[in-house]
Amino acid sequence: MSLSYFSTNVAMLFITYGIIFGTGGGLASIPGFSITTVYFKNHISLASGCVICGAGVGALVFPYLMQYLLDEYTTSVTFLITGGITFNIIVAGALMRPLTPQVKRNPAPTQCNDDALSERTKLNSSSNSQPKYDAIAVRRKKQHEHVSDKNCDVESTTDEKERLCENSITRNQSKYFYLRDPVYILYVLAVMFFAFSYITVFLMLPAKVLEDNESGEAVMVSLTSLVEICCRIAWAAVWDCRFFCRQDVRQTAMFISFVGAGVLMSLSVLVHTYTILLVWSLLMGSLMGVLWSLVVPVIVDIVGAASTGEALSFVMLGEAVLFLFGPLITGSLLDNSGTVAASFLFTGGCLFFAAMVTAAMRYKTI
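Note on numbering: residues in each chain are counted from 1, in written sequence order. Note on the predicted model: pLDDT of at least 70 is required for a residue's local features to be given, and 80 or more for side-chain atom pairs to be given and counted; whole-chain, interface and lining totals, by contrast, use all residues. With hydrogens and water stripped out, all remaining heavy atoms of the structure feed into the side-chain values.

Q: Outline the overall build of the protein, supporting the account with residue identities and numerical values.
A: Under the scheme used here, helices are H or I runs from DSSP no shorter than 4 residues and strands are E runs no shorter than 2 residues, and both carry numbers assigned from the N terminus. A count of helical and extended segments in the protein gives 14 helices and zero strands. Going residue by residue from the N terminus, the α and β elements of the protein occur as α-α-α-α-α-α-α-α-α-α-α-α-α-α. Under the scheme applied here, a residue whose accessible area is under 20% of the maximum for its type counts as buried, over 50% as exposed, and between as partly exposed, the area being computed with a 1.4 Å probe on protein chains only. Among the 366 residues that make up the protein, the fraction classed as buried is 36%. Put simply, of all contacts in the protein between residues at least 6 apart along the chain, 77% involve residues at least 24 apart. Where accessible areas are quoted, they stem from the Shrake-Rupley method and a 1.4 Å probe; at the residue level, only the protein chains shown are allowed to cover. As presented, the protein carries roughly 21,100 Å² of accessible surface, and 67% of it is formed by carbon and sulfur atoms. Here, residues are in contact when the closest pair of their heavy atoms is within 4.5 Å.

Have a look at this one:
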């Protein structure tokens, strides 16, 4: 970002802002999401919701900040200041420390405990002659029994226990076991279409306001982001509750949210006043917040907490592909039709398709 200060043409911006900053942002975002499964065991949904809401805070604050910097300074200075803000990611990354248990070291042998040391050596030599048991295998067996018997502190059915057992066996066989899991593949596909719909809302909403000859598009986008942030945190706390931490409940909530968002997106073509459009945007922001709060909990349900980081990287790769081609698709629809209605209708169809994919996930899980 800071190197864009020295850019003199668009080609240099493609390298500094597009390639270098884009690569760094991708490398920094994945650990930020996956680290929550390492530090938190009981409240993963709430922790991941707080992390994900950072994107909403950025969407709320940065438009006003960028506009202020552009009004007060030049474009180059704006790149330099935002680059300095981005450097704070280094501080956040330095705080991501591995959780290693503290092991008490044995005191160094001295003259006064030579007898005890020799006695301990004899005991060790005699114990070496006895057959050893595999402590790691015993610990893994106990952990597997614990996971099978206490899944989210809810009594699991026989089918759920069998699925947990199969997932545990598959994880031991292959590192990327989830790439052969149809539920995970369907989940990635659903999140990709959701990412396309999410970026369309914030790209086309200002154009919708201007098309209806209204003003205040910045306020509407900010209020939508604010509602989305609140819903992300609130619903993230809900998914950690006793009843809502179940996998079937979370997937059902995702399906209902996709359907609701698709209906709202389709009805946007009937909205032509600023007040009704504001209500529409607030409802859409709340549904988007619900869906974003489910991204990490659902993937933990599918692949397990230990593999969440790796599995999440493929999900974010799919999101990046749709973030890349989404504006091109919606922009071409806007140029060819001359109205934002075509983009909103196409996005509504994508949300309905994501709902069908989520229903297929639920069918495969049963």
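Q: Any details on the environment of valine 249? Residues and values, ideally.
A: For valine 249, the position within the fold is in helix H11 (residues 247-267). Residue valine 249 is classed as buried on the basis of its relative accessible area of 14%. For the pair valine 249 and arginine 362, spaced 113 residues apart in sequence, the C-alpha separation works out to 9.8 Å. Non-local contacts of valine 249, meaning those with residues more than four positions away in its chain, are made with Phe243 and Phe244.

Q: Go over the side chain of threonine 347, please, and point to the residues and values.
A: By the element assignment, threonine 347 lies in helix H14 (residues 341-365). For threonine 347, the contacting residues outside a window of four places in its chain are Phe196, Ser197, Thr200 and Met265.

Q: I'd love a proper account of the side chain of aspartate 248, names of residues and values included.
A: Checked against the element boundaries, aspartate 248 lands in helix H11. In this structure the side chain of aspartate 248 is engaged in a polar contact, spanning 2.7 Å, whose partner is the side chain of arginine 246. Definition of a polar contact: a pair of N or O atoms within 3.5 Å, with one able to donate and the other able to accept a hydrogen when the atoms are protein atoms, and with sequence-neighbouring residues admitted only if both atoms are side-chain atoms.

Q: Give a description of the packing of aromatic side chains that names residues and reports values.
A: Stacked, edge-to-face and tilted labels apply to pairs of Phe, Tyr and Trp rings (six-membered ring for Trp) whose centres lie within 6.5 Å, assigned for plane angles under 30 degrees, over 60, and everything in between, in that order. Applying the stated criterion across every chain yields a total of 17 aromatic pairs. Chaining the aromatic ring pairs together yields one cluster made of Phe194, Tyr198, Phe202, Phe258 and Trp292.

Q: Requested: an account of the packing of helix H9 (residues 182-211) against helix H13 (residues 308-337), with residues and values cited.
A: In this analysis an axis means a line fitted to C-alpha atoms, helices contributing only their contacting stretch, and an angle means the value between N-to-C directions, from 0 to 180 degrees. Where H9 meets H13, the closest approach of the two axes is 8 Å, and the angle between their N-to-C directions is 40 degrees. When the interaxial angle is binned, H9 and H13 end up oblique. For the element pair H9 and H13, the recorded crossing hand is right-handed. Taken together, the residues of H13 that come into contact with H9 (itself represented by Tyr184, Tyr187, Val188, Val191, Met192, Ala195, Phe196, Ile199, Thr200, Leu203 and Met204) are Ala311, Phe314, Val315, Gly318, Glu319, Leu322, Phe323, Gly326, Pro327, Ile329, Thr330 and Leu334. Looking at the contact of H9 with H13, its residues break down into 18 nonpolar, four polar and one charged. Reported orientations rely on four angle classes, namely roughly parallel under 35 degrees, roughly antiparallel over 145, roughly perpendicular from 65 to 115, and oblique for the rest. Here a crossing is called left-handed whenever its near helix is offset anticlockwise from the far helix by less than a right angle, and right-handed whenever the offset is clockwise. Each residue gets one label: Ala, Val, Leu, Ile, Met, Phe, Trp, Tyr, Cys and Pro are nonpolar, Asp, Glu, Lys and Arg are charged, and the others, such as Gly, are polar.

Q: Describe in detail the nonpolar core, supporting the description with residues and values.
A: Side-chain atoms within 4.5 Å are what join buried Ala, Val, Leu, Ile, Met, Phe, Trp, Tyr and Cys residues into a set we call a nonpolar core. Formed by 56 residues in total, the largest nonpolar core has its most connected members in Tyr184, Tyr187, Phe258 and Ile299. Secondary-structure elements contributing two or more residues to this core are helix H3 (44-72), H9, helix H10 (217-238), H11, helix H12 (274-303), H13 and H14. Among the elements that line this core, the one with the most residues is H12, at 16 residues. With sequence-adjacent residues up to four places away left out, isoleucine 299 is seen in contact with Tyr184, Tyr187, Gly304, Thr308, Ala311, Leu312 and Val315.

Q: Outline the environment of valine 221, listing residues and values.
A: In this fold, valine 221 is placed in helix H10. Separated by 60 residues in the primary sequence, valine 221 and serine 281 place their C-alpha atoms 8.0 Å from one another. If we ignore the near neighbours within four places in the chain, the residues touching valine 221 are Phe202, Leu205 and Pro206.

Q: A description of a nonpolar patch on the surface should follow, citing residues and the corresponding values.
A: On the surface, a cluster of nonpolar side chains totalling about 900 Å² of accessible area is made up of Tyr176, Leu179, Phe314, Leu317, Val321, Leu324, Phe325, Leu328, Ile329 and Phe346. At seven residues, H13 tops the list of elements feeding residues into the nonpolar patch. Looking at tyrosine 176, the relative accessible area reads 38%, which means it is partly exposed. For patch building, the residue pool is restricted to those with more than 30% relative accessible area and no salt bridge; the joining distance is 9 Å between like charges and 5 Å between nonpolar side chains (Val, Leu, Ile, Met, Phe, Trp, Tyr). Each salt bridge in this description consists of a side-chain nitrogen of Lys or Arg and a carboxyl oxygen of Asp or Glu lying within 4 Å of one another.

Q: So, H12: which residues are in play, and what are the values?
A: For H12, spanning 30 residues, the distance from its first C-alpha to its last is 44 Å, which sits close to the expected 44 Å at 1.5 Å a residue. Fitting axes to the seven residues that end at a residue and to the seven that start at it, the angle between those axes gives the bend at that residue. The sharpest bend along H12 reaches about 35 degrees and sits at valine 295, with the proline proline 297 one to four residues further on. For H12, a buried count of 23 out of 30 residues is recorded, marking the element as mostly surrounded by other parts of the structure. Take the number of residues in a helix, subtract one, and multiply by 1.5 Å to get its expected span.

Q: Before we move on, could you go through the pattern of salt bridges and cite the residues and values that matter?
A: Enumeration according to the criterion identifies three salt bridges in this entry. Among the ionic pairs, glutamate 228 bridges to arginine 232, the shortest N-O distance being 2.2 Å. Here glutamate 228 and its partner arginine 232 are both found in helix H10, four residues apart, which amounts to about one turn of the helix. This pair shows no difference in class: glutamate 228 is buried, exactly as arginine 232 is. The shortest N-O distance in the salt bridge between aspartate 301 and arginine 250 comes to 2.9 Å. Placement of the pair is aspartate 301 in helix H12 and arginine 250 in helix H11, with a sequence separation of 51 residues. Residue aspartate 301 is classed as buried on the basis of its relative accessible area, which comes to 17%. For arginine 250, a relative accessible area of 5% corresponds to the buried category.

Keep in mind these numbers describe shape, not what the thing actually does.
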